[in-house]
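# Topology and contacts: notes
What follows is the residue order along each chain.
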Amino acid sequence: MWPYALLFLALLLLLLLARLLRGAGGGPSPFAADARRPPAPLVTDKAARRAVLKTVFSADKVPEGLDAIVVGSGIGGLAAAALLAKAGKRVLVLEQHGKLGGCCHTFSEKGFEFDTGIHYVGQMQEGSTIRVVVDQLTEGQLEWARLPAVYDAVVLGEPGRGRTYRIYSGKEEYFQGLKEQFPGQGAAIEEFQWLVKSAGRGTVLVGVLKMIPRALATLLCRSGLLPRLSPFCRLASRSLKEVVDGLTADRELRAVFSYIFPTYGVVPSKASFSMHSILVNHFLHGAWYPKGGAGEIAFHTIPVIRKAGGNVLGKAPVQRILLDSQGKACGERRHGMGHTWLLPATALLLTGPVPPLLAFHLPGVSVKKGQDLVNIFAPVIISDAGIFNTYERLLPAEARALPEIQSQLRMATHGEGGFTVFVGLNGSREELGLEATNYFIYAGDDLDEIMNRYLASSREEAAKNIPLLFVTCPSAKDPTWETRHPGKSTLAIVTFAKYEWFEEWKDKQVNKRGDDYEELKKTFVDTIMQAVFKLYPRIEDRIEYISGGTPLTNQHYIASPRGEIYGIDHSIARLQAEAIATVRAQTAVPNLYLTGQDLCLGGFMGALQGALICGSAVLKHNLYVDVARLKKRTQATDSKKRE
């Protein structure tokens, strides 16, 4: 009987997939036409860039007739807004920070420009599906520079004394490079290659489980069918450490198999092998960096939103999501009792008290402006603020108590916090011997052991014994850098840091947290730089600017609740099919949607996928099918142009 049940479920899944692949929807598609145009020259005028990236919130800048409000301007929020805008929707994006873009924003200090989160991106080769998406969302204005063939290097031990292994781009070159560096380990490397590719073929399941009807997704997850059919599901329950330890006894090869775990933030014994495979596959074709710096991502996405009548505004901290019985607005304006009410046809702003909550309909958000609250209403609210911020901070208690929301919160845990050092250098890339290759520096070859010991230590001990550094040189990766910043260079160094190490200063004002906090930061920075000087010895006396950012820095600037880099933890539990299916774009609150990395997976690509899933739910279109159709058309057109 059981085999027949499995067969029935398999057929049912195929029917659902066929329905999804039809891409039927109830309105226009953002991918109905090719929006690309020839790239314009890089905009370097500061005033022109400020007009796009530093527009400050005020009530008079809120468009009338809003179709949606997006909370947060990270790539998950901006991409969701741009998708809706390209489908003819008027969208308002609200960002708590003064600089728009979330982790895609850049900042400048003493003439140096620094990235905050985008260090490199995979799958940006011409013709890839994700490249098509990004090209459409930026109208072809965002250009990408390819990193060298060796885009990553892994140092095991002290730079200059330890072993350095090179990671090569290319579906075959990646693994061939490992074979050349680990002679005699060909069988283990081939088995690793097969497992990575097997798991990678099942990543489409992440989107499918979030987009098919919830009841069917639950049935599939509990049927036992998915592990039988999908290597991704089978390997999701196995840790990275378990898998690689079973492949080889060579400790250094184990380390190189595992080296990229910092890009999703979970140590090998707690990381799902399927999650790790996603990242390995992501970079198999190589790595890319935005020409002009990471700020170009937001700079070219925001105009698409504004062109459709929407806006993107900074210094607009959303205090709460508003619920009332109707979610409707009437068209009148009245003044009195010191309150101003502005009620256009489909968007309403008001300053003053909010009526009591009567039912779970979603009319808008409340934004802090000085000492006042400005309430803005729209039919759809999309949150890119993350699950914890959205459910625990922005929703009222009665909505937070809904069983579905509580279920999602029980499944989620906070990811690890991050510590970043930003370094401004006097000298060009050539003078200083800097490389576009990223370096992962580990203090030993047992990555799990050194990381677990570090994360379990006291803050004083941790600050002097940092086992992992990711060292990257944005100025060496950007071909426009020397034109924009001649004779200067930058480095960014990232490691993990426990929120608890800095938590005692969480209520202190930024830049005024006291001598003890600054001293702890300095100890971390000094320890980090001693290792970096061994990697790049020419920089030691060329530093003009240096600053450290703790988990509290992340908490302040990107509103991550505990300073986490990648949102909720990417543990083995998160990669289980039922957990994937549980966190969906449509929430238990009518007309409230999630987007970004907490909806899908961490990082730029995961957040962008979250926006596609969210956009599909809001627009009732399978946007993946729409992208595939546009990709086919554009490839045919581009082919004719080349003939």
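Residues numbered from 1 in each chain as written. Predicted model: local features only at pLDDT ≥ 70, side-chain atom pairs only at ≥ 80, totals over all residues. Heavy atoms only, no water.

## With respect to the pairing of strand β19 (residues 438-442)
Inclusion rule: For each residue, the accessible area found with a 1.4 Å probe, counting protein chains only, is set against the maximum for its type, and the residue is called buried under 20%, exposed over 50%, and partly exposed in between. Note on conventions: DSSP H or I runs of at least 4 residues are helices, E runs of at least 2 residues are strands, and numbering of each starts at the N terminus. Two strands pair if DSSP finds at least two bridges between them.
Extensive coverage of β19 is indicated by the burial of 5 of its 5 residues. Relative to β19, strand β7 (residues 150-156) runs parallel, the two sharing 5 bridges. Note on β19: the bridge partner recorded for V155 is I441. When β19 meets strand β20 (residues 468-472), the two strands line up antiparallel, connected through 4 bridges. Each residue of the ladder has a partner; that of Y439, found in β20, is V471.

## Some points on unusual backbone geometry
One non-glycine residue, K315, adopts positive backbone phi at about 50°. As for its placement among the helices and strands, K315 is situated in the loop between β10 (311-313) and β11 (318-324). Of note in this structure, N591 is not a glycine but carries a positive phi near 70°. Mapped onto the fold, N591 is located in the loop between α25 (577-582) and β23 (592-594). Residue N591 is classed as partly exposed on the basis of its relative accessible area, which comes to 32%.

## A short note on the environment of T138
Short version of the rule: Contact criterion: two residues are considered in contact whenever any of their non-hydrogen atoms come within 4.5 Å of each other.
Inspection of the secondary structure assignment puts T138 in the loop between α4 (129-137) and β6 (144-146). Owing to a relative accessible area of 3%, T138 belongs among the buried residues under this scheme. In contact with T138, other than residues within four places in its own chain, are I297, H300 and T301.

## Some remarks on the confidence of the model for the protein
The condition that has to hold: Values of pLDDT, the confidence the predictor places in each residue, fall between 0 and 100.
For the protein, mean pLDDT is 90; residues scoring 70 or higher make up 90% of the total. Across residues 326-360, confidence stays below pLDDT 50; counting only partners more than four residues off in sequence or on other chains, it has 73 contacts.

## Thoughts on the pairing of strand β8 (residues 163-168)
Pairing of β7 with β8, which is carried by 6 bridges, proceeds in the antiparallel orientation. By the bridge assignment for β8, V150 is matched with Y168. Following β7, the chain reverses through 6 residues before pairing antiparallel with β8; G157 in that reversal takes a positive phi of roughly 110°.

## As for the sheet that holds strand β2 (residues 91-94)
Applicable threshold: Angular values range over 0 to 180 degrees, each being the angle between N-to-C directions of two axes fitted as lines to C-alpha atoms, with helices fitted over their stretch in contact.
Read across the sheet, 5 strands follow the order β10-β2-β1-β17-β23 without closing on themselves; strand pairing throughout is parallel. Each edge of the open sheet is held by one strand with a lone partner, namely β10 and β23. With direction set aside, neighbouring strand axes in the sheet form an average angle of 20°. Across the sheet, helix α15 (residues 387-394) is in contact with β1 (68-71), β17 (380-383) and β23; its angle to β23 comes to roughly 150°.

## Comments concerning helix α5 (residues 173-181)
In plain terms, the rule: Along the arc lie the directions from the helix axis toward the C-beta atoms.
Of the residues making up α5, those classed as buried are Y174, F175, G177, L178 and Q181. Taken down its axis, α5 places every buried residue within 155° of arc, on the same side. Buried residues along α5 sit in contact with β7, β8, α6 (186-200), α12 (251-258) and α13 (273-282).

## Some details on the packing of α5 against α6
Here is the rule we go by: Orientation labels follow simple angle bins: below 35 degrees gives roughly parallel, above 145 gives roughly antiparallel, 65 to 115 gives roughly perpendicular, and whatever is left gives oblique. Left-handed describes a crossing whose near helix is turned anticlockwise from the far helix by less than a right angle; the clockwise case is right-handed. Throughout this entry, Asp, Glu, Lys and Arg are counted as charged residues, while Ala, Val, Leu, Ile, Met, Phe, Trp, Tyr, Cys and Pro are counted as nonpolar. The remaining residues, Gly among them, count as polar.
Packing of α5 against α6 brings their axes to within 9 Å, and their N-to-C directions diverge by 160°. When the axes of α5 and α6 are compared, the pair comes out roughly antiparallel. As for the relative orientation of α5 and α6, their crossing is right-handed in sense. Contacts between α5 and α6 involve F175, L178 and K179 on the former and, on the latter, G186, I189, E190, F192, Q193 and K197. Class assignment for the residues of the contact of α5 with α6 results in 4 nonpolar, 2 polar and 3 charged.

## Re the sheet that holds strand β5 (residues 121-122)
Read across the sheet, 3 strands follow the order β5-β9-β6 without closing on themselves; strand pairing throughout is antiparallel. Edge strands, defined here as strands with exactly one partner in the open sheet, are β5 and β6. Inspection of the sheet shows β5 paired to strand β9 (residues 287-290) by 2 bridges, in the antiparallel sense. From the neighbouring strand, G122 faces β9, where its bridge partner is A287.

## Observations concerning the packing of aromatic side chains
Put simply, the test is: Note on aromatic contacts: the rings of Phe and Tyr and the six-membered ring of Trp form a pair at centre separations within 6.5 Å, being stacked when their planes are under 30 degrees apart, edge-to-face when over 60 apart, and tilted otherwise. Cation placement over rings: the criterion is NZ of Lys or CZ of Arg within 6 Å of the ring centroid and within 35° of the ring normal.
Evaluation of the coordinates by the stated rule reveals 26 aromatic pairs. Positioned above the aromatic ring of F299 is the side chain of R49, whose terminal nitrogen or guanidinium carbon lies 4.4 Å from the ring centre. When the ring centre of Y517 is taken as origin, the NZ or CZ atom of R513, which lies over that ring, is 5.4 Å away.

## Points about a positive patch on the surface
Basically, it comes down to this: Candidate patch residues must exceed 30% relative accessible area and have no salt bridge, after which like charges are joined if within 9 Å and Val, Leu, Ile, Met, Phe, Trp or Tyr side chains if within 5 Å. Surface exposure here means Shrake-Rupley accessible area, sampled with a 1.4 Å probe, where a residue is shielded only by the protein chains that are shown. Here, a salt bridge means any Lys or Arg side-chain nitrogen found within 4 Å of an Asp or Glu carboxyl oxygen. Residues scored as positive are Lys and Arg, those scored as negative are Asp and Glu, and His as well as the terminal groups of each chain are ignored. Charge placement uses NZ in Lys and CZ in Arg. For Asp and Glu, CG and CD serve respectively.
The grouping of K46, R50, K54, K61, K315 and K369 at the surface amounts to a positive patch. The residue R50 is located in helix α2 (residues 46-53) in this model. Taking relative accessible area as the criterion, R50 reaches 45% and is therefore assigned partly exposed.

## Side note on the pattern of salt bridges
Throughout the structure, instances matching the rule amount to 28 salt bridges. The partner of R459 in a salt bridge is E504, with the nearest N and O atoms 2.8 Å apart. Here E504 lies in the loop between β21 (488-497) and α23 (515-535) and R459 lies in helix α20 (residues 459-464), a separation of 45 residues in the sequence. Relative accessible area serves as the criterion here: at 52%, E504 is assigned to the exposed category. Through salt bridges that share partners, R37, E139 and K307 make up one connected network.

## Brief notes about the side chain of T582
As for its placement among the helices and strands, T582 is situated in helix α25. Not counting the four nearest positions on each side in its chain, T582 is found in contact with R214, S407, Q408 and M411.

## Considering helix α24 (residues 551-558)
Cut-off, in case you're wondering: N or O atoms within 3.5 Å of each other form a polar contact, as long as, within protein, one can give a hydrogen and the other can take it, and as long as residues adjacent in sequence are counted only when both atoms are side-chain atoms.
For α24, the set of buried residues is P551, L552, T553 and N554. Lining the buried residues of α24 we find β18 (417-426), β21, α23 and β22 (543-549). By the N-cap criterion, in which a side-chain oxygen at the helix start approaches the backbone nitrogen of a residue two or three places on, α24 is capped by T550, the distance to L552 being 3.0 Å. Positive backbone phi, approximately 60°, marks A559, located one or two places after α24.

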